[in-house]
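# Examining the three-dimensional arrangement
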Amino acid sequence: MKKDLDKEIETCECGEIHENLLQIVNDTIPEENELYDLAELFKVFGDSTRIRILFVLFEAEVCVCDLAKVLNMTQSAISHQLRILKQNKLVKSRREGKSVFYSLADEHVRTIMDQGREHIEED
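As a starting point, this report considers the structure included with it. This is a predicted model, so every value here is computed, not measured. (Residues numbered from 1 in each chain as written. Predicted model: local features only at pLDDT ≥ 70, side-chain atom pairs only at ≥ 80, totals over all residues. Heavy atoms only, no water.)

### Side note on the sheet that holds strand β3 (residues 99-104)
If you walk across this open sheet you meet the 3 strands as β1-β3-β2, and the pairing is antiparallel. Because the sheet does not close on itself, it has two edges, and the strands there are β1 (62-63) and β2 (91-96). (Pairing = 2+ DSSP bridges. Helix = DSSP H or I, 4+ residues; strand = E, 2+ residues; numbered from the N terminus.)

### Brief notes about the side chain of Arg 50
Its location among the elements puts Arg 50 in helix α3 (residues 48-59). With no salt bridge to any partner, buried Arg 50 finds its closest opposite charge in Asp 47, at an N-O distance of 4.2 Å. Setting aside residues up to four positions removed in sequence, Arg 50 forms contacts with Lys 43, Val 44, Gln 81, Ile 84 and Leu 85. (Buried < 20%, exposed > 50% of the residue type's maximum accessible area, 1.4 Å probe, protein only. Lys, Arg positive; Asp, Glu negative; His and termini not counted. Salt bridge = Lys/Arg side-chain N within 4 Å of Asp/Glu carboxyl O. Contact = heavy atoms within 4.5 Å.)

### Details of the pattern of salt bridges
Applying the stated rule across the entire model yields 4 salt bridges. Between Glu 61 and Arg 94 there is a salt bridge; the shortest N-O distance is 2.8 Å. Here the residue Glu 61 occupies a position in the loop between α3 and β1, and Arg 94 occupies one in strand β2, the gap between them amounting to 33 residues. For Glu 61, a relative accessible area of 35% corresponds to the partly exposed category. Arg 94 sits in the partly exposed class, given a relative accessible area of 35%. Salt bridges sharing common partners tie together Glu 61, Arg 94 and Glu 96.

### Quick notes on helix α6 (residues 107-120)
The first and last C-alpha atoms of α6 sit 20 Å apart over 14 residues, in line with the 20 Å expected at 1.5 Å per residue. Here α6 starts with a cap whose side-chain oxygen sits 2.9 Å from the backbone nitrogen of His 108, and that cap is Asp 106. (Expected span 1.5 Å × (residues − 1). Polar contact = N/O pair within 3.5 Å; in protein donor to acceptor, adjacent residues only side chain to side chain.)

### Considering the pairing of β2
Pairing of β2 with β3, which is carried by 6 bridges, proceeds in the antiparallel orientation. Residue pairing across strands places Arg 95 opposite Val 100, the latter belonging to β3. Hairpin connection between β2 and β3: a loop of 2 residues separates the two successive antiparallel strands, and Gly 97 in this loop has a positive phi of roughly 65 degrees.

### Thoughts on a nonpolar patch on the surface
Nonpolar side chains collect at one region of the surface, where Val 25, Ile 29 and Leu 35 lie side by side and expose about 230 Å² of accessible area between them. Within the element layout of this structure, Leu 35 appears in helix α2 (residues 32-44). (Patch = residues over 30% accessible without salt bridge, like charges linked within 9 Å, V, L, I, M, F, W, Y side chains within 5 Å. Areas by Shrake-Rupley, 256 points an atom, 1.4 Å probe, with all protein chains shown as cover.)

So, in structure tokens, the structure goes:
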């Protein structure tokens, strides 16, 4: 999946500072806490088990038992990952009798995943 990239990073030789560009960046870059929150959100996508759970939830609302079976994992392991996904507002749950069903929190989750897949499939 990884491509051979140039081993050397190209750098400027002149050392000129482009003040007009820096001003645009300083005017538009989000606050530090927003950047931190965004980085934390993307960390959640850094676990293949959580990605697998999300792909199952693309297809249907399911309970922990079903997720554990389809992903060949323990309910405890699935519950742990669902807790992280829920804390980050990527999934939601609803109780029906003794069962708890999970689904995507909203369509943004699918959009993020679709954009990521599109990106990795680029040449």
